[in-house]
Amino acid sequence: MAFKTEYAKKVYAELEAKNAGEKEFLQAAKEITESLEVYIEKNPKLQEQKILERFLEPERFVQFKVVWVDDKGQFQVNRGFRVQYNSAIGPYKGGLRLHPSVNASIIKFLGLEQVLKNSLTTLPMGGGKGGSDFDPKGKSDMEVMRFCQSFMTELYRHIGPDTDVPAGDIGVGGREIGYLFGQYKRIRDEFTGVLTGKGLSYGGSLARTQATGYGLCYYAQEALKTLKNTSFEGKRVVISGSGNVAIYACEKATQLGGKVITLSDSNGYVVVENGITPEILAVVKQIKEVERGRIKELANRCPGVVYHETTATDRVWNTKCDVAMPCATQNELLLKDAETLVKNGCIAVCEGANMPSELEAAKYLIKNEIIFTPAKASNAGGVATSGLEMSQNSERLSWTFEEVDQKLHSIMVNIFNASYSCACEYGSSKYDLLTGANIAGFKKVAEAMVAQAI
Ligand code: NDP
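Residues numbered from 1 in each chain as written. Predicted model: local features only at pLDDT ≥ 70, side-chain atom pairs only at ≥ 80, totals over all residues. Heavy atoms only, no water.

Here we come to the overall build of the chain. When you go through the chain residue by residue, the secondary structure sums to 17 helices and twelve strands. What you see for the chain is a C-alpha radius of gyration of 21 Å, in line with the 22 Å of a compact globule of 454 residues. Along the first, second and third principal axes, the C-alpha set of the chain runs to 60 × 55 × 45 Å. Within the chain, buried positions represent 57% of all 454 residues. Expressed as a percentage of contacts within the chain between residues at least 6 apart in sequence, the contacts between residues at least 24 apart total 71%. Surface accessibility of the chain: about 17,800 Å² in total, with carbon and sulfur atoms responsible for 50%. (Helix = DSSP H or I, 4+ residues; strand = E, 2+ residues; numbered from the N terminus. Rg over C-alpha atoms; globule rule 2.2 N^0.38 Å. Buried < 20%, exposed > 50% of the residue type's maximum accessible area, 1.4 Å probe, protein only. Contact = heavy atoms within 4.5 Å. Areas by Shrake-Rupley, 256 points an atom, 1.4 Å probe, with all protein chains shown as cover.)

Printed below as a string of structure tokens:
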């Protein structure tokens, strides 16, 4: 264990005992505890007030049953979750994930990360997260609708525009948000901004769909400029995933002059040596967003696309690149992948998904002076734009795409500056944006918790 202080070691040991077996949650909590201890050591008042213990414990955790009826008329049972992690600086805010792997550990890790991420945006949002082990893959629209309605029939009592505002995540896009919003409105008889990621016809914000991927590239652009005095121009970019984050990261990286070589899903990856053009990306959007198909299909529809089935040794990260952007899911980039990337000359790993890199991989990259942009900073553009959607809903106004995109851009530049400045002050080197982002996000939350005695 790499803790430097007895205090952090003790806090983490107690957390581990209380949350035994919760692998993802403990991984995130350990990373955060390790990077905060230097800051807490310099601010003894925080230790006296047990701020770390208070910070790591969620304010509320709800688990519930979701019963729905499939197209064959059979009852199905799933498990629903919402963690309301921290409301020191604003109402709870964070997405809903629908994926068979969802469990308490995953929801808690995402909720904890969300607290720091939302603080980094500088908008007044606390942290929360939720979801279900329901698998939307292979389900009809009507099945997804019945599931969402049943899920909201329980969730509605825990959320509200000034209490807790959920959004999308893996498996939750515009379709699901529509069904969830409709059911909330039906039960509460209120038209409010209770969810973000809404359709444009009923209160959604322009540029929300693009925000996480675009924001990731804006953050990466700042990091490339500041740490390596370079840009996306002419860079080979390897992206994993082919969902919302991956698609719009691909679009923006290309607009900024990069050449995106790969996209993937949980079965395999496609390599396009000449780069994914806007025309090829349009086919990806049709396959993934409209047909809800597999990335493999791209090879049948576009020349120059080679499909690889992912195995333990044939991995998307073996593709030679300058910039790698993991945009699929947690722990998809292992230490061995980080080693391969470095060996092949990669200069930056920019996280689009939440906690896509194992902690050992992240540490290896930082040690080797590779730009490593941690998810809670570099993928905060999605929730930042959700915050902008909340502002527009409160104002009863909607801003243009350019206005939102410009605000997103300046938020991402500010997040980079805040995390870089804390990396220089507290990190192992100026490349330690991991420590930098954790401390930059934590400062404001800790101060608000102390003030409110919560
Ligand atoms: P989508 O559901 O749109 O896409 C997810 C992508 O990741 C798909 O290509 C999917 O492939 C792949 N994937 C999911 N689970 C696994 C797995 N276990 N192994 C390998 N691949 C997998 O989700 P998003 O693009 O919205 O989210 C991607 C990541 O970004 C998540 O970590 C999410 O938490 C994070 N994020 C998303 C934000 C947003 O605004 N959407 C905001 C901030 C973070 P397949 O179809 O095969 O499952």
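Below, the discussion takes up the site of the ligand. Surrounding the ligand, one finds 25 residues, the nearest of these being Asp-169, Thr-212, Ser-266, Arg-294 and Asn-354. Note that a nitrogen atom of the ligand is positioned 3.4 Å from one of the side-chain N or O atoms of His-99. In this structure, Asn-244 approaches the ligand through a main-chain N or O atom, which is 2.9 Å from an oxygen atom. When the ligand sits alone it has 880 Å² of accessible area, and the protein chains cover 83% of it. Looking at the shell around the ligand, the elements that each hand over two or more residues are helix H8 (208-228) and helix H9 (244-255). Partitioning the shell around the ligand into residue classes produces five nonpolar, 13 polar and seven charged. (Near = heavy atom within 4 Å. Polar contact = N/O pair within 3.5 Å; in protein donor to acceptor, adjacent residues only side chain to side chain. Nonpolar A, V, L, I, M, F, W, Y, C, P; charged D, E, K, R; others polar.)

Think of interface size as the accessible area that goes away when the parts come together; that is how it is often given. Looking at the assigned domains, one finds that the chain contains domain 1 (6-56), domain 2 (60-191) and domain 3 (210-378). With eleven residues of domain 1 in contact, the opposing surface of domain 2 contributes eleven residues. Carbon and sulfur atoms make up 64% of the surface buried where domain 1 meets domain 2, a total of about 970 Å² over both sides. It is Glu-24, Phe-25 and Phe-55 that lose the most area in domain 1 upon contact with domain 2, and together they represent 53% of the buried surface on that side. Between the two partners, domain 1 and domain 2, sit one salt bridge. (Domains from an automatic or database assignment. Buried area = accessible area lost by both parts, 1.4 Å probe. Salt bridge = Lys/Arg side-chain N within 4 Å of Asp/Glu carboxyl O.)

This part takes up the packing of H8 against helix H15 (residues 381-395). Helix packing geometry: the angle between the two helix axes and the distance between the axes. One can describe the packing of H8 onto H15 by two numbers: an axis separation of 7 Å at closest approach and a directional angle of 145 degrees. Note on packing geometry: the crossing formed by H8 with H15 is right-handed. Where H8 abuts H15, its residues Arg-208, Ala-211 and Thr-212 lie against Gly-381, Gly-382, Val-383, Thr-385, Ser-386 and Glu-389. Its residues placed into classes, the contact of H8 with H15 shows two nonpolar, five polar and two charged. (Axes fitted to C-alpha atoms, helices over the stretch in contact; angles between N-to-C directions. Left-handed = near helix turned anticlockwise from the far one by under 90°.)

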